[in-house]
Amino acid sequence: RPPCSFLSMAQLKALLAKASEDCFPDLKVTQHQALLDMLYAKTREDDIKALVASLDVDALDTLMKFIYKGLELGKNSGVLFKWHAAVEEAGGLGCIVRTLTDSRPMTQDEEAADA
């Protein structure tokens, strides 16, 4: 059986690739947030590591950005911390450092606020 019955690895990879392309600086978080909310809330805890392990470094960094954005918004914090732990395990401390030091805004709104 696939690791996740709600969202396949291929769908997750495609979503993160599209988000990475659109994201900086033009991502409309709401376009991807609904799918990521589904991923965060509906993925079984046992499947998180398998999904994360299938991602490359760029996808891990993009996923970590969404995790931090979700934490900032106060959405699904308990689940997000489980994802954070899995992404950190797969991507190492470098994933966190790259995410926190990336100065590109996730949304046009953030870009306008920085101006």
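We now turn to the structure provided with this report. Please read all numbers here as calculations on a predicted model, not as lab measurements.

Broken down by element type, the protein carries six helices and zero strands. Helices (α) and strands (β) of the protein occur, in sequence order from the N terminus, as α-α-α-α-α-α. Within the protein, buried positions represent 40% of all 115 residues. In the protein, of all internal contacts separated by at least 6 residues, the share reaching a separation of at least 24 is 75%. Counting every atom, the protein has about 6,300 Å² of accessible surface; 55% of that belongs to carbon and sulfur.

Turning next to the nonpolar core. Counting 17 residues, the largest nonpolar core has Val52, Leu55, Leu63, Ile67, Trp83 and Val87 as the members making the most contacts within it. Residue assignment for this core shows that the elements contributing at least two residues are helix 1 (9-26), helix 3 (45-53), helix 4 (57-73) and helix 5 (77-101). Among the elements that make up this core, the one with the highest residue count is helix 5 (six residues).

For helix 3, every residue scored as buried is listed here: Asp47, Ile48, Leu51 and Val52. Along the axis of helix 3, the buried residues cluster in a sector spanning 135°; they form a single face. Of the exposed residues in helix 3, those oriented more than 90 degrees away from the buried face are Asp46, Lys49 and Ala53.

So, on to the pattern of salt bridges. Overall, the coordinates contain five salt bridges when judged by the stated rule. Taking the shortest distance from any N to any O, the salt bridge between lysine 82 and glutamate 45 comes out at 3.2 Å. Of this pair, lysine 82 sits in helix 5 while glutamate 45 sits in helix 3, and the two are 37 residues apart along the sequence. Residue classification places lysine 82 among the partly exposed residues on the basis of a relative accessible area of 40%. One salt bridge connects glutamate 89 with lysine 49, and the closest N-O pair in it is separated by 3.6 Å. In this pair, glutamate 89 sits in helix 5 while lysine 49 sits in helix 3, placing the two residues 40 residues apart along the sequence. Look at glutamate 89 and you get exposed, because its relative accessible area is 58%. Residue lysine 49 is classed as exposed on the basis of its relative accessible area of 52%.

Orientation of helix 3 relative to helix 5, taken along the N-to-C sense of each, is 35°, at an axis distance of 9 Å. Between helix 3 and helix 5 lies a crossing of right-handed hand. Residues Glu45, Ile48, Lys49, Leu51 and Val52 of helix 3 lie in contact with helix 5, whose contacting residues are Lys82, Trp83, Ala86, Val87, Glu89 and Ala90. Partitioned by chemical class, the residues of the contact of helix 3 with helix 5 number seven nonpolar, no polar and four charged.

Here we take up the packing of helix 4 against helix 5. Packing of helix 4 against helix 5 brings their axes to within 8 Å, and their N-to-C directions diverge by 130°. Taken together, the axes of helix 4 and helix 5 are oblique relative to one another. Handedness of the crossing formed by helix 4 with helix 5: left-handed. Each residue belonging to the contact of helix 4 with helix 5 can be placed in one class, and the counts come to 15 nonpolar, five polar and four charged.

Cut-offs and rules
Residues numbered from 1 in each chain as written. Predicted model: local features only at pLDDT ≥ 70, side-chain atom pairs only at ≥ 80, totals over all residues. Heavy atoms only, no water. Helix = DSSP H or I, 4+ residues; strand = E, 2+ residues; numbered from the N terminus. Buried < 20%, exposed > 50% of the residue type's maximum accessible area, 1.4 Å probe, protein only. Contact = heavy atoms within 4.5 Å. Areas by Shrake-Rupley, 256 points an atom, 1.4 Å probe, with all protein chains shown as cover. Core = buried A, V, L, I, M, F, W, Y, C linked by side-chain atoms within 4.5 Å. Arc of directions from axis to C-beta. Salt bridge = Lys/Arg side-chain N within 4 Å of Asp/Glu carboxyl O. Axes fitted to C-alpha atoms, helices over the stretch in contact; angles between N-to-C directions. Left-handed = near helix turned anticlockwise from the far one by under 90°. Nonpolar A, V, L, I, M, F, W, Y, C, P; charged D, E, K, R; others polar. Parallel < 35°, antiparallel > 145°, perpendicular 65-115°, else oblique.

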